[in-house]
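# Summary of structural features
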Amino acid sequence: MSEINSFTIAQQQLDEAAAILGLDPATHALLREPMRELTVNIPVRMDDGSMHVFKGYRVQYNDARGPGKGGVRWHPDETLDTIRALAAWMTWKTAVVDIPLGGSTGGVICNPKELSPTEQERLARGYIRAIWRILGENADVPAPDVYTNPQIMAWMMDEYSVIRGYNAPGIVTGKPIAVGGSAGRNEATALGAMYVTREAAKMLELDLQGATAAIQGYGSVGRYTHKMAQEVLGLKVVAVSDSQGGIYNPAGLDYNAVLRHKRETGSVTDMPNTTALSNEALLEMDVTVLFPAALEGVITERNAANIKAKICAELANGPTTPEADRILEADRILHERGVYVLPDFLCNAGGVTVSYFEQVQNAYGFYWSLELVQQRLDAKMTAAFHAVHRMVKAKRGVHNRLAAYLVAVERVAEAAKLRGWI
Ligand code: GLU
């Protein structure tokens with residue numbers, strides 16, 4: 001996250017799309033910057049009695065198509081620019097998957113691994129007390145992201161409800177089911193990626209049954225990707241990693257065994273009957289599908305030419321830099337060696353899509369079955385894939401990420417224009 005500025009990247013990607021769409025200067029300027037951003041300092045009582053002040057953010061990038069929506073990330077390397085980038089990508093994500101929401105993201109600079117559960121609870125509540133004025137079921141609705149989870153969402157929902165004096169389940173999504181969460185939300189990001197990977201494979205005439213996969217990251221997205229890749233696509237997951245390093249077994253890694261090992265030891269590394277490998281080596285493995293499911297900036301000009309996967313399904317936000325995109329694309333066009341990239345804000349839109357379903361269920365207090373959630377998620381993801389694919393064909397020569405931008409930016413610009421903003 002350090003040397004690469006994700007927000008500069010997000011702006012460059014938009015600039016490229018704006019040029020092709022011929023966006024007028026005012027629209028381009030509006031879409032290039034967040035509409036609103038808030039920085040807060042949150043005092044938290046630590047377990048030893050001392051006070052610690054944490055810095056937090058909420059960036060509301062654009063709400064032309066509907067209320068802001070997006071996660072809250074807790075990470076030691078967080079900056080205002082990482083949050084701005086994520087909020088921009090949320091704007092394109094909700095647009096490409098065509099749900100009536102805008103894009104926001106929040107974050108707190110902290111290392112949650114060093115915080116006790118009670119400190120985490122006080123931080124979650126403190127964060128909501130600091131930003132509640134700009135939140136609202138029809139204004140901006142947070143959700144989980146890196147190092148936040150359903151329990152943290154429950155505390156946030158409770159704090160907001162206490163402040164407002166009524167029960168407000170729809171103020172946060174990704175909640176546990178017992179307090180208004182949706183069936184299928186936890187695995188939704190991973191499952192959504194399976195649907196678009198399935199569509200890509202059909203198009204590429206690739207048989208995924210028994211084909212190999214590698215997953216970078218074993219947080220809530222990465223581990224469900226392991227489960228879903230096996231269950232939904234019949235892929236054989238041969239390598240996984242987390243921030244400590246990776247493991248490899250050509251015969252395939254059993255989901256339950258890896259999860260148990262990670263729960264017991266805190267990492268996937270050193271699991272019996274596996275070979276150790278680095279995160280860098282995992283990305284360059286000769287597998288059919290590569291799932292980067294950790295942080296941004298992992299596929300760069302340094303390693304792009306070494307990526308061997310046939311499909312790169314981006315579950316992380318911003319894993320690939322623009323230079324890497326160009327290298328991957330040149331390979332595909334010039335050498336037909338091709339990595340077929342499923343760009344992040346298309347591929348990982350399943351999470352926010354089921355968040356939207358959660359909002360809908362909260363709004364009318366009537367809950368759907370897991371089956372119904374999955375059916376509707378499949379329909380949304382499949383439609384989004386084909387909208388992007390149609391754009392690739394219509395504008396011959398654009399790569400998938402740029403096509404996804406064209407679809408999304410066009411929709412946001414149309415809404416902004418209709419509202420009289422530009
Ligand atoms: N943090 C997730 C993302 O980046 C989910 C956001 C949401 O559900 O609002 O897509």
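Further up the page is the structure itself.
For the structure given in this document, a descriptive report is provided here. (Residues numbered from 1 in each chain as written. Predicted model: local features only at pLDDT ≥ 70, side-chain atom pairs only at ≥ 80, totals over all residues. Heavy atoms only, no water.)

## As for the sheet that holds strand β8 (residues 245–248)
Taken in spatial order, the seven strands of this open sheet run β9-β8-β7-β6-β10-β11-β12, and their pairing is mixed. This sheet does not close on itself; its edge strands, each paired only once, are β9 (275–277) and β12 (340–342). This sheet shows a mean twist of 20° between the axes of neighbouring strands, independent of strand direction. As paired elements, strand β6 (residues 212–216) and strand β7 (residues 236–242) share five bridges and run parallel to each other. Paired with A214 across the bridge in β7 is A239. (Pairing = 2+ DSSP bridges. Helix = DSSP H or I, 4+ residues; strand = E, 2+ residues; numbered from the N terminus. Axes fitted to C-alpha atoms, helices over the stretch in contact; angles between N-to-C directions.)

## What about the packing of helix α2 (residues 25–32) against helix α14 (residues 400–418)?
Remark: α2 packs on α14, axes separated minimally by 11 Å, with the N-to-C direction vectors making an angle of 110°. Between α2 and α14, the angle falls in the class roughly perpendicular. In contact with T27, L30 and L31 of α2, α14 contributes V409, V412, A413 and A416. A class-by-class count of the residues in the contact of α2 with α14 yields six nonpolar, one polar and no charged. (Parallel < 35°, antiparallel > 145°, perpendicular 65-115°, else oblique. Contact = heavy atoms within 4.5 Å. Nonpolar A, V, L, I, M, F, W, Y, C, P; charged D, E, K, R; others polar.)

## With respect to helix α3 (residues 80–96)
Its 17 residues give α3 an end-to-end C-alpha distance of 24 Å, which sits within 8% of 24 Å, the value for a rise of 1.5 Å per residue. Within α3, 15 of the 17 residues are buried, which leaves the element mostly enclosed by the surrounding structure. (Expected span 1.5 Å × (residues − 1). Buried < 20%, exposed > 50% of the residue type's maximum accessible area, 1.4 Å probe, protein only.)

## Considerations on the sheet that holds strand β3 (residues 68–74)
Overall, mixed pairing links the five strands, which are arranged β1-β2-β4-β3-β5 in an open sheet. Edge positions in the open sheet fall to β1 (36–45) and β5 (140–144), since each of these has one partner strand only. Across the sheet, the mean angle separating the axes of adjacent strands is 20° when strand polarity is ignored. Judged from the five bridges that link them, β3 and β5 form a sheet pairing that is parallel. Bridge assignment links G68 to a residue of β5, and that residue is D140.

## Notes on the site of the ligand
Within the structure, the ligand sits among 13 residues, and K69, K93, P144, D145 and S355 are positioned closest to it. Between the ligand and the protein, one listed contact pairs an oxygen atom with a backbone N or O atom of G70 at 3.5 Å. Within the side chain of R185, an N or O atom sits 3.0 Å from an oxygen atom of the ligand. Protein contacts shield 94% of the accessible area of the ligand, which totals 300 Å² for the unbound molecule. Of the residues that constitute the shell around the ligand, the class distribution is four nonpolar, five polar and four charged. (Near = heavy atom within 4 Å. Polar contact = N/O pair within 3.5 Å; in protein donor to acceptor, adjacent residues only side chain to side chain. Areas by Shrake-Rupley, 256 points an atom, 1.4 Å probe, with all protein chains shown as cover.)

## Section: the pairing of β3
Counting buried residues in β3 gives seven out of seven residues, a clear majority hidden from the surface. As judged from the three bridges shared by β3 and strand β4 (residues 103–108), these two strands associate in the parallel manner. Directly across from V72, in β4, lies its bridge partner G106. Of the crossover connections in this fold, the one passing from β3 over α3 to the parallel β4 is right-handed. (Right-handed = clockwise from strand over helix to strand, strands pointing away.)

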